[in-house]
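So the chains spell out like this:
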Amino acid sequence: MNDDIRNIVLGVVAAGVSAALGWLARTYLWQRRLRRKQAFFGLPTNSECLLVVNRKAGSDGAVHRYDVSALLELSALIKDCGAHADIVQHDTARQGFGERTEFCLGGPSTNRRMAAHLSSLLPGVRVTTDADRVSEQGAFRIGTERYLAEAGVCEYVLLARLTVGESARPVFLCCGQRAITNQAATRHLARHHERLARKYGTDSFCLLLKVVNSEAYGPDVVELVADVTRAARTPLPEPAPTTGTVE
């Protein structure tokens, strides 16, 4: 074998080794990212999760088109993790939490399960649902702060990842003041889950997001207002009872 042939053979071998090492490195990085994603969402391969959807306000069982879009975005995340989803209406999801990962969409006025989750998991949050308080409809009270919705201009949504116990699967809440804000929260989660996982790991968090000018930009322009985890998980004081004198 002369020197030219030997150099060609060595070059081919080196290229093959380099390609194999590159493939192994990419596979390792992909698997590591997948494991982190699965851990953050609580969705190991072939696991089951629950998608709890609300009803469209004023309808009997219909789902708002923005909530349908939110479900599609969540379904893509779930599929990427190699898991399977079961979609149920809010008033038929009569089970506890922690056994399966859950994604719950909608405000408490149209989603009974969201109302239950806020009461038990985020006792520091109040959402105005009184029909006679039109100007404050959907307003958030978190701790001592209030956040009013200005339809189409400035609206708020809570994005939370909550667990109870070390081995429990997480519950993800997307509680918005309008249906479009629910989709904004799921889109924010889909786009930024890696950054959220780096910051919070598998710990609980609750973020207040602001959806800016949804009439023009839809669910795409979202700003982080604050991490309200502590305030949202601290029970609000009960209102003082009214007193009066009896004649």
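Our structure's up above, just so we're on the same page.
Every chain is numbered on its own, with residues counted from 1 as its sequence reads. For this predicted model, a pLDDT threshold of at least 70 governs which residues receive local features, and a threshold of 80 or more governs which side-chain atom pairs are given and counted, while totals over whole chains, interfaces and linings are taken from all residues. Where side-chain values are given, they derive from all heavy atoms of the structure, hydrogens and water being excluded.

*Asks:* Now, about the sheet that holds strand β8 (residues 171-176): what can you tell me, with residues and values included?
*Replies:* What the seven strands build is an open sheet, ordered β2-β1-β3-β8-β7-β9-β10; its pairing is mixed. With partners counted over all chains shown, the strands left at the sheet margins are β2 (84-89) and β10 (222-227), one partner each. Looking at each pair of strands side by side, their axes are set apart by 20 degrees on average, direction ignored. A pair of strands is considered paired only if DSSP assigns at least 2 bridges between the two. Helix numbers and strand numbers start at the N terminus; a helix is a DSSP run of H or I with at least 4 residues, a strand a run of E with at least 2. Relative to strand β3 (residues 101-105), strand β1 (residues 48-53) runs parallel, the two being bridged by four bridges. Bridged to L50 within β3 is E102. All axes are obtained by fitting lines to C-alpha atoms, using only the stretch in contact for helices, and the reported angles, taken between N-to-C directions, cover 0 to 180 degrees.

*Asks:* Give a description of the pattern of salt bridges that names residues and reports values.
*Replies:* Here, a salt bridge means any side-chain nitrogen of Lys or Arg that lies within 4 Å of a carboxyl oxygen of Asp or Glu. Applying the stated criterion across every chain yields a total of eight salt bridges. Among the ionic pairs, E73 bridges to R187, the shortest N-O distance being 2.7 Å. Here R187 lies in helix α4 (residues 179-200) and E73 lies in helix α2 (residues 65-80), a separation of 114 residues in the sequence. For the pair formed by E73 and R187, the shared burial category is buried. Burial classes follow relative accessibility: with a 1.4 Å probe on protein chains only, a residue under 20% of its type's maximum area counts as buried, one over 50% as exposed, and anything between as partly exposed.

*Asks:* Describe the packing of α2 against α4, and please don't skip the residues or the numbers.
*Replies:* With their axes 8 Å apart at the nearest point, α2 and α4 run at an angle of 15 degrees to one another. In this view, α2 runs roughly parallel relative to α4, as classed from their interaxial angle. Judged by the twist between their axes, the crossing of α2 over α4 is left-handed. The residues of α4 that touch α2, namely those facing Y66, D67, S69, A70, E73, L74 and L77, are A179, I180, N182, Q183, T186, R187, L189, A190 and H193. Side-chain classes follow a simple rule in which Ala, Val, Leu, Ile, Met, Phe, Trp, Tyr, Cys and Pro form the nonpolar group, Asp, Glu, Lys and Arg form the charged group, and the remainder, Gly included, forms the polar group. Each residue belonging to the contact of α2 with α4 can be placed in one class, and the counts come to eight nonpolar, five polar and three charged. Reported orientations rely on four angle classes, namely roughly parallel under 35 degrees, roughly antiparallel over 145, roughly perpendicular from 65 to 115, and oblique for the rest. By definition, turning the near helix anticlockwise from the far helix through less than a right angle yields a left-handed crossing, and turning it clockwise yields a right-handed one. The contact definition used throughout considers only heavy atoms, calling two residues in contact when any of these lie within 4.5 Å.

*Asks:* Help me get a handle on the state of the cysteines, residues and values and all.
*Replies:* Structurally, a disulfide amounts to a covalent bond that connects the sulfur atoms of two cysteines. Only a pair of cysteine sulfur atoms within 2.5 Å qualifies as a disulfide here. Enumeration over the complete set of coordinates arrives at zero disulfides. Note on C104: no disulfide assigned, nearest cysteine sulfur contributed by C175 at a separation of 8.5 Å. We note that C174 lacks a disulfide partner, and the nearest cysteine sulfur, in C104, lies 8.8 Å from it.

*Asks:* Give me the lowdown on the sheet that holds strand β6 (residues 145-147), citing residues and values where you can.
*Replies:* Taken together, the three strands give an open sheet; going across it, the order is β4-β5-β6, and neighbouring strands pair in antiparallel fashion. The sheet terminates laterally at β4 (125-127) and β6, the two strands that pair on one side only. Direction aside, neighbouring strands of the sheet carry axes that sit 20 degrees apart on average. By the bridge criterion, three bridges tie β4 to strand β5 (residues 140-142) in an arrangement that is antiparallel. What sits directly across from R126, in β5, is R141.

*Asks:* Please provide a residue-by-residue account of the side chain of R187, values included.
*Replies:* For R187, a relative accessible area of 18% corresponds to the buried category. Whenever two N or O atoms come within 3.5 Å, that pair is a polar contact, provided that in protein one can donate a hydrogen and the other can accept it, and provided that, for residues adjacent in sequence, both atoms are side-chain atoms. At 2.5 Å, the side chain of R187 and the side chain of D220 are in polar contact. With residues near it in sequence (within four places) discarded, R187 still touches E73, P219 and D220.

*Asks:* I'd like a description of α4, backed by residues and values.
*Replies:* Counting along an α-helix, one turn takes 3.6 residues, and residues three or four places apart therefore face a common direction. Expected span of a helix, by definition, is 1.5 Å for each gap between consecutive residues, and there is one gap fewer than residues. Compared with an ideal rise of 1.5 Å per residue, which puts 22 residues at 32 Å, α4 spans 27 Å between its outermost C-alpha atoms and falls more than 12% short. For a residue, the bend is simply the angle between two axes, fitted respectively to the seven-residue segment ending there and the seven-residue segment starting there. The largest bend along α4 measures about 70 degrees and falls at H192. Of the residues flanking the end of α4, it is G201, one or two places downstream, whose phi is positive at about 60 degrees.

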